[in-house]
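# Structural features, examined
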Amino acid sequence: MGYETTPVVRARLRAERKRRRWDPARLAREMPAVMDDTQRPTVASLARSVERWEKGQVTRTTERYRLVYAEVFGIPENDLFGLAVAEAVKACPCGKTSISFPSSRRLRSAAHWFPT
């Protein structure tokens, strides 16, 4: 099954890679260590895939690669890919497909309801 890789997720993956000062090839060299032995791609193939995911040339990732990214970065899959928010949006009974957050102006005007 493939999961949509949104621009926010792509930016997060790129930011996590760059935070470690890794180029796509270095990330690709780290990935096989956490993969099982079945159908393990070459490092060159992984490097191309990393670049394509980050650029949005591939907009879906499999669960396998989501788990690999999470393991390599040491970040829970739900945190790295924002699954909790995505699942909440899907489960919303209101039928809306996006979440809107109140503006800071609306928050300030409502502040008197919440004493500090």
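If you're wondering where the values come from, they're calculated on a predicted model, not measured in any experiment. (Residues numbered from 1 in each chain as written. Predicted model: local features only at pLDDT ≥ 70, side-chain atom pairs only at ≥ 80, totals over all residues. Heavy atoms only, no water.)

## Let's talk about helix α4 (residues 63-73)
Listing the buried residues of α4 in full gives Y65, R66, V68, Y69, A70, V72 and F73. Phi for G74, located one or two positions after α4, is positive at around 70 degrees. (Buried < 20%, exposed > 50% of the residue type's maximum accessible area, 1.4 Å probe, protein only. Helix = DSSP H or I, 4+ residues; strand = E, 2+ residues; numbered from the N terminus.)

## Quick word on the packing of aromatic side chains
Applying the stated rule across the entire model yields five aromatic pairs. Judged by centre distance (5.1 Å) and plane angle (55 degrees), the rings of W53 and Y65 are tilted. Of this pair, W53 sits in helix α3 (residues 43-55) while Y65 sits in helix α4, and the two are 12 residues apart along the sequence. Residue class for W53 comes out buried when judged on its relative accessible area of 6%. An aromatic cluster is defined as three or more aromatic residues linked by ring pairs; in this entry it consists of W22, W53, Y65, Y69, F73 and F81. A cation over a ring is seen here: R20 above W22, with NZ or CZ 6.0 Å from the ring centre. (Phe/Tyr/Trp six-rings, centres within 6.5 Å; stacked < 30°, edge-to-face > 60°. Lys NZ or Arg CZ within 6 Å of the ring centre and 35° of its normal.)

## Examining the confidence of the model for the chain
The pLDDT averaged across the chain works out to 78; a share of 70% of its residues lies at or above 70. By mean pLDDT, the top-scoring element of the chain is helix α2 (residues 24-30) (96), and the lowest-scoring one is helix α7 (residues 104-110) (42). Every residue in residues 97-116 is under pLDDT 50, and counting partners more than four places away or in other chains gives five contacts. (pLDDT = per-residue confidence, 0-100. Contact = heavy atoms within 4.5 Å.)

## Describing the environment of E16
Among the secondary structure elements, E16 is positioned in helix α1 (residues 7-19). The class for E16 is buried, based on a relative accessible area of 8%. Sequence-wise, E16 and F73 are 57 residues apart; in three dimensions their C-alpha atoms are separated by 7.2 Å.

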